[in-house]
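# Working through the structure, step by step
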Amino acid sequence: MVVVGAGVAGLTVANLLRRSGVGYVVLERHGRAQLEQRQRASVPPDELTTYRFADDVGWFTVLADAPPPRYPLFGISRHGFAAHFGRGPSASRFYLQCPVGDDPQTWSDERV
């Protein structure tokens, strides 16, 4: 499983995956030094691995003016990964794993 971002939502998902016994890797574009300077970063030194590219994983991400869930929601299936996280009191971020190069503009309403 791939978790994009070592922010609050990403680390929450990583912890949930670990508790569920699911292998994962956290991808973060910033280096360890910058992460350690952020007040919210709390990654144990032996848990952080940095990957620069994930050429075999595609993501469709939407930041929406929609009520956040009470708890982070995520799903894993043979089709990939999907998640819904709160981004403040009145916003949500949605993640959907998709094939690399897939164009959401061509998706049917049924697929969405």
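Data block above holds the structure.
Here's a quick rundown of the structure. (Residues numbered from 1 in each chain as written. Predicted model: local features only at pLDDT ≥ 70, side-chain atom pairs only at ≥ 80, totals over all residues. Heavy atoms only, no water.)

## Observations regarding the pairing of strand 4 (residues 73-77)
Worth spelling out the cut-off: Two strands pair if DSSP finds at least two bridges between them. What counts as a helix is a DSSP run of H or I of at least four residues, what counts as a strand is a run of E of at least two, and both are numbered from the N terminus.
Judged from the five bridges that link them, strand 4 and strand 5 (residues 80-86) form a sheet pairing that is antiparallel. Its bridge partner being in strand 5, L73 is matched across the sheet by H84. Connecting strand 4 to the next strand, strand 5, in antiparallel fashion are two residues.

## Points about the sheet that holds strand 6 (residues 92-98)
Using the following cut-off: Lines fitted to C-alpha atoms define the axes here, with helix axes fitted over just the stretch in contact, and angles between the N-to-C directions of these axes take values from 0 to 180 degrees.
Read from one edge of the open sheet, four strands run 3-6-5-4, paired in antiparallel fashion. The sheet terminates laterally at strand 3 (58-64) and strand 4, the two strands that pair on one side only. For this sheet the average axis-to-axis angle between neighbouring strands, irrespective of direction, equals 10°.

## So, helix 1 (residues 8-19)
Rule in force here: Expected span of a helix, by definition, is 1.5 Å for each gap between consecutive residues, and there is one gap fewer than residues. For the exposure calls, accessible area comes from a 1.4 Å probe over protein chains only, and a residue counts as buried if that area is under 20% of its type's maximum, exposed if over 50%, partly exposed in between. Two residues qualify as a contact provided that any one of their heavy atoms is within 4.5 Å of a heavy atom in the partner residue.
Here helix 1 spans 16 Å end to end across 12 residues, near enough to the 16 Å set by a 1.5 Å rise per residue. All of the buried residues along helix 1 are A9, G10, L11, V13, A14 and L17. On its buried face, helix 1 sits against strand 1 (2-4), strand 2 (25-27), strand 4 and strand 5. Once helix 1 ends, the next one or two residues include G21, with phi positive near 80°.

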